[in-house]
Amino acid sequence: MRLTRYFLPILKETPAEAAIASHRLMLRAGMIRQAASGIYSWLPLGFKVLKRLEQIVHEEQQRAGHIPLLMPTLQPADLWRESGRYDDYGQEMLRIRDRHDRDMLYGPTNEELITDIFRSSVRSYKDLPLTLYHIQWKFRDEVRPRFGVMRGREFYMKDGYNFDLTKEDALHAYNRHLVSYLRTYERMGIQAIPMRADSGPIGGEDTHEFLMLADTGESEVFYDSAVTELSFGDRMIDYDDVAQCQGILEEFTSRYARTDETHDAAEFAKVPAERQRQARGIEVGQIFYFGTKYSQAMNAVVNGPDGAPTPVHMGSHGIGVSRLVGALIEANHDDNGIIWPEGVAPFKVGLVNLKQGDSAADTACEGLYQGLAARGLDPLYDDREERAGAKFATMDLVGCPWRITVGPRGLAAGTVELTSRRTGESEELSPEAALARCAQIYAGV
Ligand code: 5CA
């Protein structure tokens, strides 16, 4: 993308309403614009990151064998009356009446709608196991929307639902989600720790929240510091292998790690004192097993192997996709702006032309621009007639992990400069070598 043809409405001033770095930077870098309290337009740069995260979530869900579909944002109230949650959900639910006086609602989550889809077409245990998911906008009329997209009223969520014949099968689905989430977050470049939590209005006994540690997080957490040393890495997973998925769940959840809702001081005291940590975290996902809560209330039954109608065992599993954009910035920024991890960068390489209009600089930039694009390295080319300082400031704010700087002086010596946004370190190399180096950096991403 050439900056002169892009829409990047950068703010010069620091917005006063933004209390945390990610909110400030998303506004300053022209990623979002507030439409109403807790409701945002995603401007091109923000939208690009959101779509990148969505793509990673899709890839990892489908790797785990989960099947994408798309349910609407508006739902009929009657389904929620069946489950009993229409009244229970309270003021967080946005209730709407259509022209025929039918009660509707803007979905805060989709257990009822997916159960209705399931019961209308699945009859036999032979069609199980089944896990369906979608990535769709949700609405929760939060009392205190804040921190930008972190606690919005309208937000983008991946929600998946498993249907299984037995509790044992449903717990395997739970484990599969835990494993796929660990992979998903690591690919995005963040560590999210599964912690025992409370199930709230979704229900059920078994639930883990995934917490990214951050001082600005809204959740208070208690954990054994040994959990921060675990990493998923590049292990190969067979998602049908029950023992393997169970083993990973045990590896990642056997140490003490809980949110304040389930914190148990006596248990925590058993953790060696030097490893006890109390901190704050951002909840970026949650998984639930709630058994037959919805299938019984809504009559979602299959014929079991013995022919008897059996309510299915279910769970639901969510990732806060829009919240993750903010969480990623919380974990990856400095005073000058955002520092995207390579795996999620909206533009992989920034290209700065120090002397727009200089024919050698323009030609070299054009060659690099084409070369980067041809290698799939989505470049952001600052081709404006601007001072070098302003161009660097823009690149730093927008957060491309790598920057190639091109100027007449370097070109005379046959070089351009390749700079890491994270370390600030630069190396001088030929334009061809710079291209090769960028391709190598992104080869494994
Ligand atoms: N039905 C279940 C699982 S699909 C469910 O709704 N779970 S949830 O309530 O925990 O939401 C899933 C994730 O959405 C949360 O972990 C969080 O990352 C994100 N989320 C929840 N509320 C908000 C909000 N107001 N703003 C932004 N993200 C949110």
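The written sequence of each chain sets the order in which its residues are numbered from 1. Given that this is a predicted model, residues contribute local features only at a pLDDT of at least 70 and side-chain atom pairs are listed and counted only at 80 or more, while totals for whole chains, interfaces and linings are drawn from all residues. With hydrogens and water excluded, all non-hydrogen atoms of the structure serve as input to the side-chain values.

Here the focus is the site of the ligand. Residues are counted as near a molecule or strand when any one of their heavy atoms sits within 4 Å of it. Surveying the vicinity of the ligand reveals 22 residues, the closest of which are T109, E111, R140, G152 and E283. Counting of polar contacts relies on pairs of N or O atoms within 3.5 Å, with two restrictions inside protein: one atom must be capable of donating a hydrogen and the other of accepting it, and residues adjacent in sequence are counted only when both atoms are side-chain atoms. E111 places a side-chain nitrogen or oxygen 2.7 Å from a nitrogen atom of the ligand. Contact distances for the ligand include 3.4 Å between a nitrogen atom and a side-chain N or O atom of S316. Each accessible area is a Shrake-Rupley estimate made with a 1.4 Å probe; only the visible protein chains count as cover when residues are assessed. Within the complex, 96% of the 600 Å² of free accessible area of the ligand lies under protein.

Axis separation between helix 2 (residues 44-63) and helix 10 (residues 321-331) bottoms out at 9 Å; the angle between their running directions is 115 degrees. One element, helix 2, and the other, helix 10, form an angle in the roughly perpendicular class. As for the relative orientation of helix 2 and helix 10, their crossing is right-handed in sense. Residues V49, L50, L53, E54 and V57 of helix 2 form the contact with helix 10, whose own contacting residues are V321, S322, L324, V325 and L328. Each residue gets one of three labels, nonpolar for Ala, Val, Leu, Ile, Met, Phe, Trp, Tyr, Cys and Pro, charged for Asp, Glu, Lys and Arg, and polar for the others, Gly among them. Here the contact of helix 2 with helix 10 is composed, by residue class, of eight nonpolar, one polar and one charged. In this analysis, axes come from line fits to C-alpha atoms, helices being fitted only over the stretch in contact, and the angle between any two N-to-C directions falls in the range 0 to 180 degrees. Here a strand is any run of E in DSSP of at least two residues, a helix any run of H or I of at least four, and the numbering for each starts at the N terminus. Put simply, angles under 35 degrees are roughly parallel, angles over 145 are roughly antiparallel, angles from 65 to 115 are roughly perpendicular, and the rest are oblique. We call a crossing left-handed when the near helix sits turned anticlockwise from the far one by less than a right angle, and right-handed when that turn is clockwise. What makes two residues a contact is simply this: any of their non-hydrogen atoms within 4.5 Å.

The mixed open sheet is built from five strands, whose spatial order is 20-19-21-22-23. Pairing within the sheet leaves two strands with one partner each, and these edge strands are strand 20 (379-382) and strand 23 (426-429). The sheet shows a mean angle of 20 degrees between the axes of neighbouring strands, direction not considered. Should DSSP find at least two bridges between two strands, the strands are taken to pair. Judged from the four bridges that link them, strand 22 (residues 416-420) and strand 23 form a sheet pairing that is antiparallel. What sits directly across from T419, in strand 23, is S426.

Moving on, we come to the domain arrangement of the protein chain. Interface size is commonly expressed as the accessible area that is lost once the parts come together. Residue ranges assigned to the domains are those given by an automatic or database domain assignment. Taken domain by domain, the protein chain holds domain 1 (3-337) and domain 2 (347-442). Between the C-alpha centres of domain 1 and domain 2 there is a distance of 37 Å. Domain 1 puts 15 residues into the contact, and the matching count from domain 2 is 14 residues. Take the accessible area each of two parts loses on contact, using a 1.4 Å probe, and add the two losses: that sum is the buried area. Each partner contributes to the roughly 1200 Å² buried at the junction of domain 1 and domain 2, and carbon and sulfur atoms together form 62% of this total. Broken down residue by residue, the surface that domain 1 buries against domain 2 is led by L3, T4 and K48, which jointly contribute 41%. Salt bridges, as used here, are contacts in which a Lys or Arg side-chain nitrogen is within 4 Å of a carboxyl oxygen on Asp or Glu. Linking domain 1 with domain 2 are two salt bridges, by the criterion used here. The shortest N-O distance in the salt bridge between D378 and K48 comes to 2.3 Å.

Remember that side chains alternate between the two faces of the sheet whenever the strand is regular. Where strand 10 (residues 206-213) and strand 13 (residues 276-291) come together, eight bridges link them in antiparallel fashion. Bridging from a neighbouring strand, L211 pairs with E283 of strand 13. Pairing of strand 11 (residues 219-224) with strand 13 involves six bridges; the strand directions are antiparallel. Following the sheet pairing, V221 is matched in strand 13 by A279. Across six bridges, strand 13 lies against strand 16 (residues 313-320) in antiparallel orientation. Bridge pairing links G291 to M314 in strand 16.

Cis rather than trans, the peptide bond between L128 and P129 has omega equal to 0 degrees. For P129, the location among the structural elements is in the loop between helix 5 (111-121) and strand 7 (130-139). A positive phi angle, near 65 degrees, is found at D101, a position not held by glycine. Tracing the sequence through the fold places D101 in the loop between strand 5 (94-97) and strand 6 (103-106). The exposed category is assigned to D101, whose relative accessible area is 59%. Think of it in three bands: with a 1.4 Å probe and only protein chains considered, a residue is buried below 20% of the maximum accessible area for its type, exposed above 50%, and partly exposed in between.

What follows concerns the side chain of S316. Residue position: S316 is located in strand 16. On the basis of relative accessibility, which here comes to 4%, the residue S316 falls in the buried class. Of the polar contacts made by the side chain of S316, one reaches the side chain of E111; its length is 2.8 Å. Not counting residues up to four positions away in its chain, the partners in contact with S316 are E111, G160, Y161, N162, I202, Q286, I287, F288 and F290.

It is worth spelling out the pattern of salt bridges at this point. Tallied over the entire structure, the rule returns 27 salt bridges. Measuring nitrogen to oxygen at the nearest pair gives 2.8 Å for the salt bridge that ties E60 to R183. Here the residue E60 occupies a position in helix 2, and R183 occupies one in helix 6 (residues 167-188), the gap between them amounting to 123 residues. Between R146 and E218 there is a salt bridge whose closest N-O contact spans 2.9 Å. Here E218 lies in the loop between strand 10 and strand 11 and R146 lies in the loop between strand 7 and strand 8 (154-164), a separation of 72 residues in the sequence.

It is worth spelling out the packing of helix 2 against helix 6 at this point. As a packed pair, helix 2 and helix 6 sit with axes 9 Å apart at the nearest point and diverge in direction by 145 degrees. For the pair helix 2 and helix 6, the crossing hand works out as right-handed. On the side of helix 2, the interface is formed by R52, L53, I56, V57, E59, E60, Q61 and R63, while helix 6 contributes H177, S180, Y181, R183, T184, R187 and M188. The class makeup of the residues in the contact of helix 2 with helix 6 is five nonpolar, four polar and six charged.

For the rest of this paragraph, the subject is the nonpolar core. The criterion is simple. A nonpolar core is a set of buried Ala, Val, Leu, Ile, Met, Phe, Trp, Tyr and Cys residues joined through side-chain atoms within 4.5 Å. In this structure, M31, L53, Y185, F210, V325 and W340 are the most contacted members of the largest nonpolar core, which totals 68 residues. With eight residues, the top contributor of residues to this core is helix 6. Lining this core are residues from two domains, each supplying at least three of them: domain 1 (3-337) and domain 2 (347-442). Among the nonpolar cores identified, the runner-up in size contains 27 residues, and V122, L132, Y161 and F163 belong to it.

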